[in-house]
Amino acid sequence: MQENDIKFLEDSFKKYYFEHFDLIRVPNRTSEREFGFQKFNSGMTRHISIKDDKELHLLLMKNIPSDVYCSNACYSFPNLPMNEKDWKDADLIFDIDAKDLNLECRKNHTIYKCNECSEISTNSNNCSKCNSIKIEKKSLPCKNCIDASKNEVYKLSKILTEDLDVQQNDIHVYFSGNEGFHVYVYNSQFQQLGSRERSDLTDYIMFNGVIPETFGMKKFKPNRLSFPDFEEKGWRGRFSKEVYGSKSKRSKIISELITNGYSSFQKTLEDISDKIGSKIDPNVTMDIHRIFRLPGSLNSKSGLTKIFCNDLAKFDPYIEASFLGENSVHVMANCPIEFKLKNRKFGPYFNEKVSVPTYAAVYMICKKLATIS
Amino acid sequence: MLALGQDEIAKYPFLADAGQYLKDKGFTLEQFGTDPDLKSLVEKAFNRIEVAADGKIYHSDLIGDQASNQAALPREVFSFLLAIVLLKLSGMTTLIKRFALAEARRAEKYLEKDLANISDESKKQLAIRIIDDLFSVQVKKQDDYFVIPVSDYLKHSINFHEREWKLINRHVENGLVFLTPHETVRLIRKELGTYISSKIINAKTPPMISGFEEPVNKLISMSKKFTTFTITTGEYPPCIKHAIEILEKGENLPHSGRFMVATFLLSKGQSVEEIAPLFKNAPDYNERVTLYQLNHLAGTSGSGTHYSCPSCEKLKTQNLCFAIPECDNIINPLQFGKKRI
């Protein structure tokens, strides 16, 4: 990124942190958490411990970070190297990202930027101008991406509350600031679980690793009586609703399943896993030493805020997560995709000089689709 | 510690304080080596180890959960305690492991029976308490099942590689896992074995007792037949081959895949400098970063932690597994192509 772009982003970010510090949520047990931050065009600084709001405020104003992070884990000594920190426990966190959902709409708003000649194209393999394979994927998520991600959050909440005894008010949903949601679970029985245990929990939530026997199907002489009922709780109930469709079809479908055999049943399980499992990123949940974007901080991939979603159904990130200023800025934009922020449409721009509000300029510069002119 | 009745010590002898038990009964170890009436107990102890080494469960004199006669009870306990003394004197770890596992399997049978006991509530309560005290698993009875919190379940189930133990293949409701008595006990088998073997390993080794030399020497020669040799074909497993192909084509291999390849090759003894060029076709290649990360994985920089190659189960979750028949139920790519002879 060029220097005047960095200067512009830093100014905008600093103003945000000065004016909107109230949006930042310092987690409970602050002094037991590890904090970290990144500056524009620079590496990660982590293993920082912070006492309270004031210290965090100071850190933000002094460093003007591009991204700020905080651990889901609590440690005795958060500022020491990883193996000396003395891990105590960690909140259960899930990451749902639109880019992992294999959505049809993605191709309409994903472009590729060549790292060598800056050419922007829709070709995902190599640069159409210089043939380089060093290309970077850039996506401007659309409403469909957000809605699909919300749907995964709903599925996840249901599994957490119905099967795993998590209370609804202990589930906090945040917009990640770019393409998805972070779901935090507090006060659960899972707080002290290690990485391998959390990994199996993710398979449960994603409906991964299922065997036909769990749903009554056997290799030899399957018994009709062991197939799930419509009213059953947990996965057997969700399986029934998805596979039988309705109570009246149960008997007929079971006969079909038995006739089609064991491996066909296995295939059915794999097919429905996308629909009934929640598509979380398993690597995030099983990492118990990770630092996560701090709620209320800005995401340097977009300039949008990682913000708490009070009413997920109504939540629109392009209105509710955009907090930067309105002042007009001149930019050189090469942004072939139209986007909408604060109810205003922008683009498409094809290598042209335009004047846009700060929040839109930051959005495009963060996506590397514009530079200050 | 639990207060145990006579027949309970016979079923779960590892719960007894060995030294105390002998003292209470008025015996010293030396007596067992010399007293002709007691010597048969040393033979019984030897036999108990021999059966375990063979991979079988020692068939005790207990009938059902009652001893056939009152004299049988102390004999059961003595033979267990003497077996430990013999094992300690022999110093053979392979035998200790086998013995601990067999004893765990034996105790498992009794635990299961006690847990499923409908006529005697106190027996069931004891089993539940043993499981709670020793392994911190809180078991409750609910209808025909035993239920335990999901988090407790996971702490133990992750040691199993069979898919049926995955949480997804369990009946889960309201944060609880539903298990049969058999499954409840099976869940803690490994920990039971670890508990017993740690008790043996931590026990003090007494000086050689006269009369014990012969069985001890026999144990030492017995343990020799368990030494195994392995050979490797040297061929890479399909997951590693696949990942290397992607890297060679210059396509993007996700972080988890790079982690797998790097840790695998490091474990196979390749150096950081030998591995680094593999990544040079990657779209985001940066030599400095690659070397830094490889050194980190090798433990030569950073925290000094040496990272190991992920398990097959984990690679399956990350869509990096491309299993072929030759994988043959291995649980880590590093085991691929290894054969015992």
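Residues numbered from 1 in each chain as written. Chains lettered and ligands numbered in written order. Predicted model: local features only at pLDDT ≥ 70, side-chain atom pairs only at ≥ 80, totals over all residues.

> I keep staring at the overall build of chain A and nothing clicks. Help me out?
The secondary structure content of chain A amounts to 10 helices and 18 strands. Principal-axis analysis of the C-alpha atoms gives chain A an extent of 75 × 50 × 40 Å. Counting across all 373 residues of chain A, residues that qualify as buried make up 41%. Here the contacts in chain A between residues at least 6 apart in sequence split such that 64% fall between residues at least 24 apart. (Helix = DSSP H or I, 4+ residues; strand = E, 2+ residues; numbered from the N terminus. Buried ≥ 20, exposed ≤ 12 C-beta atoms within 10 Å, placed from the backbone. Contact = placed C-beta atoms within 7 Å.)

> Would you mind going over the overall build of chain B with me for this structure?
Check the secondary structure of chain B and you find 16 helices and 8 strands. Here the C-alpha radius of gyration of chain B, 25 Å, is well above what a compact globule of 341 residues would show, namely 20 Å. A separation of at least 24 residues holds for 70% of the contacts in chain B among residues at least 6 apart in sequence. (Rg over C-alpha atoms; globule rule 2.2 N^0.38 Å.)

> Is there a simple way to think about helix α3 (residues 143-162) of chain A in this case?
Residues spaced three or four apart along an α-helix point in a common direction, a consequence of the helix completing one turn every 3.6 residues. Residues and elements named next belong to chain A. Between its terminal C-alpha atoms α3 stretches 29 Å, which fits the 28 Å expected from 20 residues at 1.5 Å a residue. Where α3 is concerned, the buried positions are C145, A148, S149, K150, E152, V153, K155, L156, I159 and L160. Here the buried face of α3 lies against β6 (92-97), β10 (171-175), β11 (180-185) and α4 (195-206). (Expected span 1.5 Å × (residues − 1).)

> What is the right way to read the domain arrangement of chain A from this model?
Interfaces are often described in size by the accessible area the parts lose on coming together. Entries for chain A in the domain assignment read domain 1 (3-100 + 142-204 + 281-372), domain 2 (104-139) and domain 3 (208-276). Relative to domain 3 of chain A, the C-alpha centre of domain 2 of chain A lies at a distance of 43 Å. (Domains from an automatic or database assignment.)

> Looking at this structure, how should I read the nonpolar core?
Generally speaking, soluble globular proteins have nonpolar side chains that are buried together. Counting residues in hydrophobic clusters, the biggest one holds 142 residues, and the most contacted among them are M364 of chain A together with I49, L82, L86 and L87 of chain B. Broken down by element, this core gets its largest block of residues, 12 residues, from helix α5 (residues 72-90) of chain B. Ignoring sequence-local partners within four residues, the contact set of L87 of chain B consists of I49, M92, L95, I96, F99 and I200 of chain B. By size, the runner-up hydrophobic cluster in this structure holds 22 residues, among which are C239, I240, L266 and I275 of chain B. (Core = buried A, V, L, I, M, F, W, Y, C linked by C-beta atoms within 7 Å.)

> Looking at this model, I keep getting lost on the pairing of strand β3 (residues 67-71) of chain A. Mind explaining?
Look at any regular strand and the pattern is simple: side chains alternate between the two faces of the sheet. All names here are of chain A. Most of β3 sits inside the fold, with 5 of its 5 residues counted as buried. Burial along β3 is two-sided: the face carrying D67, Y69 and S71 and the face carrying V68 and C70 are both buried. Where strand β1 (residues 35-38) meets β3, 4 bridges bridge the pair, whose relative direction is antiparallel. Across the sheet, Q38 pairs through a bridge with D67, a residue of β3. Relative to strand β12 (residues 291-293), β3 runs antiparallel, the two sharing 3 bridges. The residue bridging S71 from the neighbouring strand is I291, located in β12. (Pairing = 2+ DSSP bridges.)

> I tried to follow the interface of chain A and chain B on my own but got confused; where do I start?
The interface of chain A with chain B comprises 31 residues on the first partner and 26 residues on the second. Of all the elements in the fold, those that place two or more residues in the side of chain A that touches chain B are α4, α5 (234-244) and α8 (282-286) of chain A.

> Is there a simple way to explain the sheet that holds strand β4 (residues 145-149) of chain B in this structure?
Strand pairing in a sheet is mediated by backbone hydrogen bonds. Such pairs are either parallel or antiparallel. Residues and elements named next belong to chain B. Here 4 strands make up an open sheet; going across it, the order is β3-β4-β6-β5 and the pairing antiparallel. Because the sheet does not close on itself, it has two edges, and the strands there are β3 (140-142) and β5 (171-173). Strand-to-strand twist across the sheet, computed as the mean angle between neighbouring axes with direction ignored, equals 40 degrees. Where β4 lies against strand β6 (residues 176-179), 4 bridges are found, and the strand directions are antiparallel. Across the sheet, V147 pairs through a bridge with F178, a residue of β6. Across the sheet, helix α8 (residues 150-157) lies against β4, β5 and β6, angled at about 90 degrees from β4, the strand it touches most. (Axes fitted to C-alpha atoms, helices over the stretch in contact; angles between N-to-C directions.)

> What am I meant to see in the sheet that holds β10 of chain A here?
Residue and element names in this part refer to chain A. In space, the 4 strands of this open sheet follow the order β6-β11-β10-β13, with antiparallel pairing throughout. The open sheet has two edge strands with one neighbour each: β6 and β13 (307-308). Contacts from α3 reach β6, β10 and β11 within the one sheet, and its direction differs from that of β11 by about 15 degrees.

> Even after reading the chapter, I still don't get the domain arrangement of chain B, so can you show me in this structure?
Under the domain assignment used here, chain B contains domain 1 (6-131 + 189-224), domain 2 (138-187) and domain 3 (232-340). For domain 2 of chain B and domain 3 of chain B, the distance between their C-alpha centres works out to 34 Å.

> Just to check I follow, could you spell out the pairing of strand β2 (residues 44-48) of chain A for this structure?
Two elements, β1 of chain A and β2 of chain A, share 3 bridges in a ladder whose sense is antiparallel. Across the sheet, the residue bridging to F37 of chain A is T45 of chain A, located in β2 of chain A.

> What should I look at first to understand the environment of K150 of chain A in this one?
All names here are of chain A. Along the chain, K150 turns up in helix α3. Taking the C-beta count within 10 Å as the criterion, K150 has 20 such neighbours and is therefore assigned buried. Once the C-alpha coordinates of K150 and A98 are considered, the two residues, 52 residues apart in sequence, prove to be 9.4 Å apart.

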